[in-house]
Amino acid sequence: MLQHNHPLLTSEEKSFWKDKLVSYAKESNENEVLNRHALAALENFKGQTEIIPKVKKNLTSKDSLVRDAFISMCRIIDANSPDSIQIFIKTIADDTSHIYARNALYGINSQEG
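In what follows, the accompanying structure is described.

Looking at the packing of helix H5 (residues 82-94) against helix H6 (residues 98-105)
- In the contact formed by H5 and H6, the axes pass within 8 Å of each other and the chain directions differ by 145°. Judged by the twist between their axes, the crossing of H5 over H6 is left-handed. On H6, the residues touching Phe-88, Thr-91 and Ile-92 of H5 are His-98, Ala-101, Arg-102, Ala-104 and Leu-105.
- Taken together, the residues that form the contact of H5 with H6 break down as five nonpolar, two polar and one charged.

Remarks on the packing of aromatic side chains
- Counted by the stated rule, this structure contains one aromatic pair.
- Plain terms: the ring middles of Phe-16 and Trp-17 are 5.1 Å apart, the flat faces sit at 80° to each other, and that makes the pair edge-to-face.
- Since its relative accessible area comes to 44%, Phe-16 is described here as partly exposed.
- A relative accessible area of 37% places Trp-17 in the partly exposed class.

Notes on helix H1 (residues 11-26)
- For H1, built from 16 residues, the straight-helix expectation of 22 Å at 1.5 Å per residue is met to within 8% by its first-to-last C-alpha distance of 23 Å.
- The set of residues buried in H1 consists of Lys-18, Leu-21, Val-22 and Ala-25. Buried positions in H1, seen along its axis, are confined to an arc of 105° and lie on one side of it.
- The inward-facing, buried residues of H1 contact helix H2 (33-42) and helix H3 (51-54).

Parameters at a glance
- Residues numbered from 1 in each chain as written.
- Predicted model: local features only at pLDDT ≥ 70, side-chain atom pairs only at ≥ 80, totals over all residues.
- Heavy atoms only, no water.
- Axes fitted to C-alpha atoms, helices over the stretch in contact; angles between N-to-C directions.
- Helix = DSSP H or I, 4+ residues; strand = E, 2+ residues; numbered from the N terminus.
- Left-handed = near helix turned anticlockwise from the far one by under 90°.
- Contact = heavy atoms within 4.5 Å.
- Nonpolar A, V, L, I, M, F, W, Y, C, P; charged D, E, K, R; others polar.
- Phe/Tyr/Trp six-rings, centres within 6.5 Å; stacked < 30°, edge-to-face > 60°.
- Buried < 20%, exposed > 50% of the residue type's maximum accessible area, 1.4 Å probe, protein only.
- Expected span 1.5 Å × (residues − 1).
- Arc of directions from axis to C-beta.

See below:
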């Protein structure tokens, strides 16, 4: 329903799910599957760049799938955001998620970005 911006989903419900998904993405546990799926679901909140710093801890995850999901989320939410660009460059420099970050750079499509 989030993906297709379904009319049955009210703005209050969208806000509820955004907050819930952010809290899931920030959880610390051994199994990071919930984090990864929460990050994938957060991709549906395009343009809402305030999400990125809230879940930035996923960039330092031991699980490469979580790091890659975080980079993908940043690219889809807003590749032109200063936070996203900083993350892409950092991960390329650190060589932690080099391929995902390099592909995300191709999503930058504005002079400011």
